[in-house]
Amino acid sequence: MRLWHRLTGDMTTRGQVALAMFAALLLAAPAFIGSYPLSILILVVYFAYIGQAWNVMMGFAGQLSLGHALYLGLGGYTAAALAFHFGVSPWIGMIAGVLVAMLAGGIVGFLGFRFSLAGVYFALLTIAFAEFTRILFDHFKWVGGSAGLFLKVSGDPGLWHLRGGPVMFYYVILAMAALALVACRLMLTSRLGYHWLAIREDPEAAQASGVDVFRGKMIAVLISSGMAAVGGVWAALLQEPVPRDRLRHGPLDRGDPGADHRWPGHSDRTVHRRGRAGQPGRRLHHRRREDRRDLRCEDRGIEADLLRPRAARHRRLPPRRRLALARAQAGLRA
Amino acid sequence: MSTGGATLNVRGLGKSFRGLRAVHDVGFDVPAGAIHALIGPNGAGKTTTFNMIAGVFPPSAGTVQLDGRTITGLRPDRVCDAGIGRTFQIVKPFPGLSVLDNVLIGALKREPDVSRARDRALTVLRELGLHDKRAMTASNLTLPDRKRLEVARALATQPRLLLLDEVMAGLRPTETDQMVAFLRELNARTGLTILLIEHVMRAVMALSQHIVVLNYGEKIAEGSPEAIARDQRVLDVYLGQDAH
């Protein structure tokens, strides 16, 4: 009962009923909506989760991080690389990814907080770390360099390998978002949460009230980066390719115009890929054709997709891509 | 609410900001359970002295001891741990939080359990007459109320020495008297040691048993309120040399 009160706080009964109805709606949604609305919904819930991770730092502790994509990407890459090279389950990879991201978050946080970088200067530091890590990964061959990592098709999809259709991914991210919401609420109403609020509101007064400001900020950055990393793992293993640009800039990014149609729920392809989509023009198309060839050689599973009626595939492509594909099929060089 | 008062010993305290000598060789003692005042004209170094005691910045010279334990150069939160609560001259409430949460954060210092800390915070708010305003956002309080909130938050940390930096400034005479009465009662009931910076002489004279006078960063006089009120040097710096 006390826990319930902590979770709901000052929420009225009406609010609680509304929340319960909203939750029920989210739970039931996949049964009623088509694959495209579902793909949008997956994105919405995904950002709700990532936003909650970010909220711990900015909303609670008042530390503006613009480099959360770093933790997202490190989490995703760690789990993906472990799965790719060693066949490690993404759930174990997730733990490793979280640890790596927390280490990075700890370093960024320590540098910023130890040397009292506040506000915009701390934000700049976080951007710098995210950017140079991105450049580093462009040349990091073990994880595929600028091309990204191509996850092999798993023989047995399911929760253990975090492979499956959009519905599975939807429920995984929904569970993550709900857990994050509850966890954040519990943290906020704890002693630590009040310390964060004090730090956010006035660090000097917080210190005078006996709050260890450095410690509070460090805990915030560690929790926040760890949570972001879990989101990164999820995004990396999402059944459809996640462009690396998305991982680089995360929720705050301009996004990649060529990448939008490659978000989840569009098809039932079982190829998992994270690749560079920096230039949404010719280069992208070229590489995607290559990818398909490679995968076809590597894994017969892909044939299911390639053998489907061309028209069905065409419909999912933007006009320029249709043309490119048509040319390729005609044996022409695009 | 507090566990008695602590003795404060300040020895040879000095602070220079680059070339500017803000405080030089200031020393005084505040016995346990006493109420002492620190006065002086603007820019005399009173708040700088406070900040050195509270750990905002380390002194360039000298030592601060609380109950014989050296606390010189400790971080403010460690100084708070040691048992010193402080208010800020330029009030620093947590502006976006409720009055209750402001005080609750102070109470969490000694009481890790949130709901028990909330009870303690409510008790302190009741004592300071802020109980009715507990749900208000701190930034919406009037200045006198924010000053009270500063005191409440400092008291909630259950200090053994309370540093009050001009908490009467801006209060109306009746409010000043209320605050004086409250601090007196608090001191009598708990034995809490109080060191206050104050310009409101009405409060200084009514409250303090002993006064330290600073001018240009140096201690120029020290003694009982009556003696200080007659001290020629003090009159000179306060009223100007032609005034008598």
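As the structure is a computational prediction, the values presented were derived from the model and not from experiment. (Residues numbered from 1 in each chain as written. Chains lettered and ligands numbered in written order. Predicted model: local features only at pLDDT ≥ 70, side-chain atom pairs only at ≥ 80, totals over all residues.)

Draft legend 1. The overall build of chain B, seen in detail. The helix and strand inventory of chain B stands at nine helices and 10 strands. Compactness check: chain B gives a C-alpha radius of gyration of 18 Å against a globular reference of 18 Å for 244 residues, within 12% of the reference. For the C-alpha atoms alone, the extent of chain B along its principal axes is close to 55 × 40 × 35 Å. Taking all 244 residues of chain B together, 49% fall into the buried category. Within chain B, counting contacts between residues at least 6 apart in sequence, those at least 24 apart form 65% of the total. (Helix = DSSP H or I, 4+ residues; strand = E, 2+ residues; numbered from the N terminus. Rg over C-alpha atoms; globule rule 2.2 N^0.38 Å. Buried ≥ 20, exposed ≤ 12 C-beta atoms within 10 Å, placed from the backbone. Contact = placed C-beta atoms within 7 Å.)

Draft legend 2. A look at the overall build of chain A. The secondary structure content of chain A amounts to 15 helices and two strands. Taking all 334 residues of chain A together, the buried fraction comes to 42%.

Draft legend 3. Broad picture of helix α10 (residues 213–237) of chain A. Taking 1.5 Å of rise per residue, 25 residues should cover 36 Å, and α10 of chain A covers 37 Å from first to last C-alpha, within 8% of that figure. α10 of chain A sits mainly inside the fold: 20 of its 25 residues count as buried. (Expected span 1.5 Å × (residues − 1).)

Draft legend 4. A look at the packing of helix α3 (residues 99–107) of chain B against helix α5 (residues 143–156) of chain B. Residue and element names in this part refer to chain B. Direction vectors running N to C along α3 and α5 enclose 30 degrees, while the axes themselves pass 6 Å from each other. Classed by the angle they form, the pair α3 and α5 counts as roughly parallel. Crossing hand, α3 versus α5: right-handed. Taking contact as the criterion, the partners of V99, N102, V103, G106 and A107 in α3 are, on α5, L149, A152, R153, A154 and A156. Its residues placed into classes, the contact of α3 with α5 shows seven nonpolar, two polar and one charged. (Axes fitted to C-alpha atoms, helices over the stretch in contact; angles between N-to-C directions. Parallel < 35°, antiparallel > 145°, perpendicular 65-115°, else oblique. Left-handed = near helix turned anticlockwise from the far one by under 90°. Nonpolar A, V, L, I, M, F, W, Y, C, P; charged D, E, K, R; others polar.)

Draft legend 5. Spotlight on the sheet that holds strand β7 (residues 161–165) of chain B. Residues and elements named next belong to chain B. Taken together, six strands build an open sheet; the order of strands is β6-β7-β8-β3-β9-β10 and the sheet is mixed. Taken across any chain shown, the strands that pair with only one partner, and hence form the sheet edges, are β6 (84–86) and β10 (218–223). The mean angle between the axes of side-by-side strands here comes to 20 degrees, regardless of whether they run parallel or antiparallel. Sheet analysis places β6 next to β7, joined by three bridges and oriented parallel. Bridging from a neighbouring strand, I84 pairs with L161 of β7. Packed onto the sheet, helix α1 (residues 46–54) meets β3 (35–39), β6, β7, β8 (193–197) and β9 (210–215) and runs at close to 150 degrees relative to β7. Where helix α9 (residues 232–239) meets the sheet, it contacts β9 and β10, and its direction lies at approximately 125 degrees from that of β10. (Pairing = 2+ DSSP bridges.)

Draft legend 6. Layout of the interface of chain B and chain A. The partner chain A presents 16 residues to the 23 residues of chain B that form the contact. Secondary structure elements with two or more residues in the side of chain B that touches chain A: α2 (76–82) and α3 of chain B. Of the residues that constitute the side of chain B that touches chain A, the class distribution is 12 nonpolar, three polar and eight charged.

Draft legend 7. Expanded view of the nonpolar core. Among the nonpolar cores identified, the biggest contains 135 residues, and I173 of chain A together with V103 and A152 of chain B are the most heavily contacted of them. Sorting elements by how many residues they give to this core places α10 of chain A first, with 13 residues. In this view, A152 of chain B contacts V103, V124, L125, L128 and L130 of chain B; residues no more than four positions away in its chain are not counted. (Core = buried A, V, L, I, M, F, W, Y, C linked by C-beta atoms within 7 Å.)

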